[in-house]
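# Coordinates in review
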Amino acid sequence: MGSKLTDKKRKSRESDSESDDELGNGLFDGVLSQSEDEEDYLPSDGDDEDVDESESEGTEGSEDEEDEDDILSDDIPSDVDGEEEINRLVKQQGQLEITEPGVDPKPKGDDGVEKNYRVERDANGGERYVYEEIDPVYDSDDSDAKGPVNTIGDIPLSFYDSYPHIGYDINGKKIMRPATGDALQSLLDSIEVPKGWTGLTDVNTGNPLNLTQDELELVRRVQMGLLPNDLEDPYPDTVEYFTSIEEKMPLSSAPEPKRRFLPSKNEAKQVMKLVRAIREGRILPYKPPEEREREEEEQEEVHFDLWQNEEPQAPNPMHIPAPKLAPPGYDLSYNPPEEYLPSKEEREAWENADPEDREKEYLPQKHNALRKVPAWGSLVKERFERCMDLYLAPRIRKNRLNIDPNSLLPKLPSPSELKPFPTVVQTIFRGHEGRVRSVSVDPTGVALATGGDDGTVRVWELLTGRQVWSVRLNSDEPVNAVRWRPTKDAFILAAAAGEDIFLMVPTHASVTPALDQTSRDVLATGFGYATNGQQPAQPAGKEPPAKWARPGTKLEDEGVLIRITVRSTVKVINWHRRGDHFATVSPTGQRSSVAIHTLSKHLTQIPFRKLSGLAQTAAFHPLRPLFFVATQRTIRCYDLQKLELVKVVQPGAKWISSFDIHPGGDNLIVGSYDKRLLWHDLDLSNRPYKTMRFHGEAIRQVRYHKGGLPLFADASDDGSLQIFHGKVPNDQLENPTIVPVKMLKGHKVVNKLGVLDIDWHPREPWCVSAGADGTARLWM
Amino acid sequence: MGKLRKKGQAGQAKNYITRTQAVKKLQLSLPDFRKLCIWKGIYPREPRSRKKVSRSATASTTFYYTKDIQYLLHEPLLQKFRDQKVLEKKISRALGRGDVGDAARLERNAARPDKTGKPRYTLHHVIRERYPTFIDALRDLDDCLSMLFLFANLPSTTAVPAKMIARCERLCLEFEHYLITSHSLRKSFLSIKGIYYQASIQGEDILWLVPYKFNQRVVGDVDFRIMGTFVEFYMTLLGFVNYRLYTSVGLKYPPKFDQLKDDQGAELAAFALEGVNLAAGEETKAITNGEAEHGPDPKVQAEVDKIVQQLRDETDEKDDGAAEDDEEKPSDAIDKFEPVAPGGDVLPQPSYSSSDPAQLFSKFTFFLSRETPRQSLEFILRAFGCKRIGWDSVLGEGSFTTDESDPSITHQIVDRPVVQAATSDEGDGEDNQTSQKVGPNHRYPGRVYVQPQWVWDSVNDEELKSPEVYAPGAALPPHLSPFVKPTQGQYDPTVPLEEQQTEGEAIDAELEDAGEAGEASEVENDMDIASDEDDEEEEEDGDFGGFSGEEEEASEDDEESATLQRQRELEAEIAGKAVQGDRKVDAKTKAKLEEKKALERRKKQEAEDLERAKGMLSKKKRKLFEQMQYTNNKKSAEDMKLREKRRRLEKERKA
C-alpha cells in the first residue's frame, strides 16, 4: 500500500510539475485522496519540499527519492494523530469545506450512466473510489490549465538579470532562465530570422516569444479592425422558415373572410381624410425647414396698395399727433462755424453738469475731415428715448404762443401821437392857508379860481400865478367847491362854503367892464323873477329847499352877489353846459342831498324824494338832457325830460369819490376811494371797460379834458396825478384806447391827503391841481 | 336739495382710466398691452386735475382716455394676443406635467398656423386705421425711416435677429431707390450724429437720420423689445409706402433682389427695378445698374459714347427742327404769365429754375476713393442725377468702374490728407502730367479732386460749388445746416457780422477797438454800421479813445445823484423824438460817443414805454408777456455770445 501511496504521491507530484493548477486546486486533491488528508493540512511542508524538488528537478533523480522519504516521514505522524482530529482541522479550513459536500454525492454517482472511477479495496478492506486521471486536453473544462505562470507581476525582467531564475511560479518555485545559445547561435539567430520571430521575450518562460502563423494572422486582423477569425460569416442570411417552405395544405379550413377581398371602408375613410387635407392644403409636402421658413416669410410680405380707395377723414379732435423732432441746427454740423464751438469754461460747465440738467445733450465738435467723424455713441439710446416718448409720454396740446411778445402789448399810439400832455409843474399858486380844496379854470382859460380850508376863494392869473382877486366867504367853514360858469359870455364863479353857495363875479384887471356888467345882469335877472312872484308857491308849512338872498353889502362889494343857503353842507357844484342850471350835492343831506338850481329863476329843486345810498356827486350830461347821480356804489342816469331812470352804471367800486363824463357823452370815468380808476363805455356795458389801479391811495378827483384833447387825469391821496391818454374813436365799433402817459408828482402828502382837486385848461393840455399842502399847481 | 352725487361717477373720473385698470379691462399682460398701444398709437393723456381723476389712494402715474381703451376692446389683434397666451399656457402646462413631447408638438404646431397653432397676425388694418390717407402716412414717416435706418446698421443679437436687420436694410434701400428714381431728395446734412436727409414726397417734407457706417454701441438700458415692436410696425408701414411710391412712378414692387450681389456688398446695385409693363421695364432697369455692367472696359465705353454722341447730335438737330413745328402743342405745364403793360400786380407762380437740381451731377462721372463713405455718397450722387459712379473694389460690388485710371472719370472724391513729401516732389500734383505712377498724391489730369463735403454743400445750395475751396487737404469752409430757417434777429453765420449786430454792440466793439488801438487821430465820423473796410473802422474808432473816460465819469455822476438822473430823463422825454431825428440826420457828423448816449437814452425811453404798456395788461397777460420776454432774452443772449465769439475770431484772424 505504501508503494501505491507513494505512486499516488508521485503521480500527484508529477502532475504538480506539469501544471501548478492541479496543486493549487484543492478540489481535486480532496477528491483524489480523501483519506490522505494529512497532505492537505500540511501544505507548507509540502510546498517547501516542492521547492526543493523543483530546484533539483530534472537534474538529479536521487533527490527525488529522498524527497519521497521526507514526505513519508512527514505523513506518518499525521496518520498517527488519527482521522478524527484531521477532520476537525479540515473543517476549520474553509477551503476544504467545499470538498466535503463534494464527497457526499459520490454514492449518487454510482447510479450515473458513466463512471469515471473505479472501486478498489483499500488496505482496510473498505471500498475506495479511484478516479480516472483527468486528461487536461483543450476540450476539457479546465480553462485554467496553462503553462507555468510567472508571478513577479509588473516589474521589468531586467531585475532578474543577475539571477539564474527569472521569477516564480504560482507555487513559489523559481522559474529558471532558459539556456541561451552561445554567441554564434545568437549571431545566427540575428542573421536568420526564424519564423514568427518577434524579438520579444516571454515573461513567463524567459524564452524568446515566437508567434505562430495563425497568431500573426490574428494580430493582423485585429490591427485591421476585422473580426479576429474569419471562420464564419458573422451575418449570415436569415433562413425564412415559413416562406421558404411551401405549404401544400391550408392551415385552416375556415372560409375566407370578406375583409380579405372587399376594400376597407375605414381605410377609405382615412384615405379620404388625407386626400381632403391635401386638397385643402392642410398637409403639405415636406420641405426642409429653412426653405419653409423662407416661403413663410415671403408669404408674410404681402404687397398691395393699402390706400387704394382712401378717403380722407376729419382728424379726430382728441388726437394729438406726436411732435416731430427738431431739425438739426448749425451747431450739430460735423464742421460747424467756429463760433459755435464751446469755450473751455462752457465745455467744463457742460461736462460737470448732470446729464439731465444740460440744455443740449451734445457739445458741438469740429472735425476737419469727414473721415475723422466717429460714430455717435448714444444714437441707439436717443432713438430708444424717442420710442419711449412716442408711446409713454402723455401728450397735451399746449398752445405755444409762437408770437412776438410785443404783439401781446396793446397797440399803443406812438409817443408823438400821445403828445401833448402835461409833464412839468409850471406855476405854483401859494397863498391859501391850509388845504386847497377845489380849483377851477375859467372858460376863457385865463383865470384860475381856488377855494381852500381858510374859507377864501381866490382868483389867480393862470400863467403867472399872480393872485388877482380874493374873498373870504366864511371864516369857519372851508370852501368845498369852486366852479366857473361854463359859458364865455359871463364871468361867474360859484363857490360852496358850508351850507351856503355863493355866486360871484370876481372882477379884476383883465375883466372888461362890459363882461363884468353882463355877468352881474345874469345874476340879477333872477331877483326880478323872484320878485315878480312867479316862484312856484311853496306848500304851506314846508321849508323851501333853499333860500336865495343877497349875501350882504360887505360881500357884495367884493363881487359876491348871491347867497343860496341849503340844508346841509355842499360838497360838489356842477354846472349845466348852458350855464343856467347847476347841481349841488351835499352828501350828508339825506333826502335833499342833490339839488338843482336854476339861476335865471332863483329856483332850487330837489329832484329825488328818496335816494338809495348816499349821494356823492352829480353831473349833467354834456350833450343830452341827462342827469347823473353817483351814490356810493352806483351811478344812476336820469332823463330830465321824461323824468325816468335810464341807466344804472355799476363800476364795482366800494365808494365812488367822483366821476366825469366824456365830452362825447358816451364814456365815463369813475374814481373811487378804493384806489381804482374805472372807464365805462356807456354803450357797451354797465360794467367798467377798463379798470386802472395805479395809485397807492384813494382817488379824489377825475377829469376829462374838455377842450378836444384826448386826455384825462386823476388826483390821488398819494400826492400824484396821473395823466392818461384816452382816445374815443369816432367809429362805434372800435374800443377806446387808454394809455397812461404821465405821473405828475409834486404835491406833498399832508395828513394822508394828497391832491384834492384837479381841473383842465379849456384848450391847452394844461392841468391844475389843488393839494392838501396849501398849493395849487399848474402842470404843462 | 339736489341729488347726492357719488364721487367718481361722472366727469373727468369717467373720462380717464389708469394703466392698471386698462390692462385689467383688456385682459392682457402688460407687455402685450404695450405692444397694442404702440401699434395702435394710443398714448397716455395728462388730465387737467390728477386728483379728480384718480380714484385710488396712491397716485397713479399714467392715464389713458377711457374711450381709447374702449376702442382697443374691438381690436382683432386682441384675440391674437389671447390665443398666444392660451398656447403659452398649454405649453407650460405640458412642460409642468413633464410631457416634453406634447409641448414640442404644441410648439411645432405653433409654427404651422393651419394646425391651430401660433396666432398669426398682420398689421395692415392698423396702418390703414392710423393713416386713412397716404399723405397721413407720409407725414409720419420721419420716425419710421430714422428707426429703420438705425436698425439696418445694428449688429445682430438675440434681441435683434439678423432677419429683421436684413429686412430693414432691404426696405431702406428700396426707399432710397424710389428717391433716386423720382429725384425727390432735397437736402442733406452731415452732422455729428449721422447724416440727415430731407426728401419732399407729394409735398410732404420728410427728414430722417442715417447713422454713419460704424458698429453701433448700445449704451444704457435700452429695451429692444419696445424698439422691436416699433420696428415691426414701421417695417409693415414702409413696405406699403414703398409699394405705393413704386407704383406711383410706374415701377414694380418689390424690385428684383440679387442675393449674390448683396452678399458682395453691392447694396443699392443689388436691386433691379422693373417697370410695371415689360417695355418700360427695360428702360428703368438701366437706371441703376445698366452702367455697372459695361463699366470695366473704358475703351469700348469711349467708342460707344462717341457713337451715342453722334447719334444724339443728329437727333438733337432733328429735334430742333421738330420743336419749332410743335410749338403750339398743348402741354400740362403751367404757362408763364408776363405782365404786358406796366402797372399790373405781379402774381406769384411756381418758379422755373433754369438748372434742375435733380440733374446737378448728371454730366459727371465720379470716382470714390476708398476712404470715403460709399453708401451715402452713392445715394446722394444718384439722387441728384449722377449715373456713373465708380469706386475702389474694397468698397463693394456694383460700381461703374473699379479702375481709378478710367479716363471717363471727371470728379474724384478724396478724403485723405496730402502727404507733404510727395507734394514737394511733384510740385503741383494736378498739373504734373509726367508722373504716371499712382502715388499717395497722384492726380490724374483733367479730373476734379474734391472732399466729400463738396457734394453736400453743392446739393444744399443747388449749385456746383467751386472745387478749389474743397480741394484735398484744404481747410474746409464750415458745413451749415440747410434746415435752419433764418428768423429775424437770430444769429446767422452766413451773414457778415456787421449786418446783424445790434447798434449797441457795434458801438461797443468799435470803442473797444479804439481803446486797443489807442489812436487819437483825425475825426472821421463815418457812422455807416455796415462799413466793410476794417481799416476805416479802426480809424473812425480812433476819435473815441479820449472820450471814453469822460463817458464813464458822466455815467458815474448819473448814478450818484438821483435828481440829476430824473432831470435827464425828463429832458430826454421832452427831446426824445427830436434827438432821434437829429441822430439820423447828423449821424455822419456827430461823434460816436453821443451816438452811444443817444442810444442809451433811447433804450431807457423804450424801457419806460414798455413799462407803461405793460401796465395796461391784465395780470395774466403780463405774466405771459414776461415769460416770453425771458425766453427771448435768453435766446438773444445766446446770439450775442455767438456774435461776440465771432468778433473775437475775426479779430484774431486779422491779427
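Thresholds applied
Residues numbered from 1 in each chain as written. Chains lettered and ligands numbered in written order. Predicted model: local features only at pLDDT ≥ 70, side-chain atom pairs only at ≥ 80, totals over all residues. Heavy atoms only, no water. UniProt positions renumbered as here; feature names shortened; annotations may be inferred. Salt bridge = Lys/Arg side-chain N within 4 Å of Asp/Glu carboxyl O. Helix = DSSP H or I, 4+ residues; strand = E, 2+ residues; numbered from the N terminus. Buried < 20%, exposed > 50% of the residue type's maximum accessible area, 1.4 Å probe, protein only. Expected span 1.5 Å × (residues − 1). Polar contact = N/O pair within 3.5 Å; in protein donor to acceptor, adjacent residues only side chain to side chain. Pairing = 2+ DSSP bridges. Contact = heavy atoms within 4.5 Å. Buried area = accessible area lost by both parts, 1.4 Å probe. Nonpolar A, V, L, I, M, F, W, Y, C, P; charged D, E, K, R; others polar. Disulfide = S-S within 2.5 Å. Axes fitted to C-alpha atoms, helices over the stretch in contact; angles between N-to-C directions.

Per an unreviewed UniProt entry, chain B goes by Pescadillo homolog and derives from Parachaetomium inaequale. Listed under Function (unreviewed entry) in UniProt, the entry text for chain B is "Component of the NOP7 complex, which is required for maturation of the 25S and 5.8S ribosomal RNAs and formation of the 60S ribosome."

Per an unreviewed UniProt entry, chain A goes by Ribosome biogenesis protein ERB1 and derives from Parachaetomium inaequale. Regarding chain A, the UniProt comment filed under Sequence similarities (unreviewed entry) reads as follows: "Belongs to the WD repeat BOP1/ERB1 family."

In this section: the pattern of salt bridges. Pairing between side chains of opposite charge can happen when the charged atoms of each approach one another. Residues and elements named next belong to chain B. This structure, assessed with the given rule, holds 45 salt bridges over all chains. As a salt-bridge pair, Glu-75 and Lys-40 come within 2.4 Å of each other at their nearest N and O atoms. With Glu-75 in the loop between α5 (66–72) and α6 (76–97) and Lys-40 in helix α3 (residues 30–40), this residue pair connects regions lying 35 residues apart in the sequence. Just as Glu-75 is buried, Lys-40 falls in that class too.

Side chains of residues three or four places apart in an α-helix project in the same direction, reflecting 3.6 residues per turn. Residue and element names in this part refer to chain A. In a regular helix each residue adds 1.5 Å, so 16 residues correspond to 22 Å; helix α14 (residues 265–280) covers 22 Å between its end C-alpha atoms and thus fits that length. Two or three places before Asn-266, at the start of α14, stands the capping residue Ser-264, its side-chain oxygen 3.2 Å from that residue's backbone nitrogen. Two residues or fewer after α14 comes Gly-281, characterised by a positive phi angle close to 85°.

Another point: the UniProt feature "repeat: WD" (unreviewed entry) in chain A. The UniProt entry lists residues 429–470 and 755–780 of chain A under the feature "repeat: WD" (unreviewed entry), expressed in the numbering used here. As annotated, residues 755–780 of chain A comprises 0% helix and 62% strand, and the C-alpha atoms at either end are separated by 17 Å.

Residue and element names in this part refer to chain A. With six of its six residues buried, strand β21 (residues 615–620) lies for the most part within the structure. Bridging between β21 and strand β22 (residues 626–631) involves five bridges; their strand directions are antiparallel. Paired with Thr-617 across the strands is Ala-630, a residue of β22. Linking β21 to β22, which pair antiparallel, is a turn of five residues.

Moving on, we come to the interface of chain A and chain B. On the chain B side, the residues contacting the 90 residues of chain A number 108 residues. Interface area for chain A against chain B, summed over the two sides, is near 8,900 Å², with a carbon-plus-sulfur share of 63%. Our enumeration of links across chain A and chain B arrives at eleven salt bridges. Of the charged contacts, one joins Asp-143 of chain B and Arg-383 of chain A as a salt bridge, the two residues approaching to 3.5 Å between their closest N and O atoms. Put simply, chain A and chain B have 26 residue pairs in polar contact (both at pLDDT 80 or more) between them. Broken down by secondary-structure element, the contributors of at least two residues to the side of chain A that touches chain B are α15 (289–300), α17 (379–392), α18 (405–408), α19 (415–418) and β32 (737–745) of chain A. With twelve residues, α17 of chain A is the largest single contributor of residues to the side of chain A that touches chain B. Of the residues contributing to the side of chain A that touches chain B, the split by class is 50 nonpolar, 16 polar and 24 charged.

Attention now goes to the state of the cysteines. Enumeration according to the criterion identifies zero disulfides over all chains in this entry. The thiol of Cys-144 of chain B is unpaired, and the distance to the nearest cysteine sulfur, on Cys-172 of chain B, comes to 8.1 Å.

Okay, the side chain of Thr-456 of chain A next. All names here are of chain A. Tracing the chain through its elements places Thr-456 in strand β10 (residues 456–461). We classify Thr-456 as buried; its relative accessible area is 3%. A polar contact is formed between the side chain of Thr-456 and the side chain of Arg-458, at a distance of 3.1 Å. The residues contacting Thr-456, other than those within four sequence positions of it, are His-432, Thr-450, Gly-451, Val-471, Arg-472, Leu-473 and Val-479.

Residue and element names in this part refer to chain B. Taking strand neighbours across the sheet as the criterion, the four strands line up as β9-β8-β10-β11 in an open arrangement whose pairing is parallel. The open sheet is flanked by β9 (388–391) and β11 (448–450), the only strands paired with a single partner. Going across the sheet, the axis of each strand differs from the next one's by a mean of 20°, ignoring polarity. With three bridges joining them, strand β10 (residues 411–413) and β11 adopt parallel strand pairing. Residue pairing across strands places His-411 opposite Val-448, the latter belonging to β11. Contacts between helix α16 (residues 374–383) and the sheet are confined to β8 (365–368), β9 and β10, with β9 contributing the most and set at about 165° to the helix.

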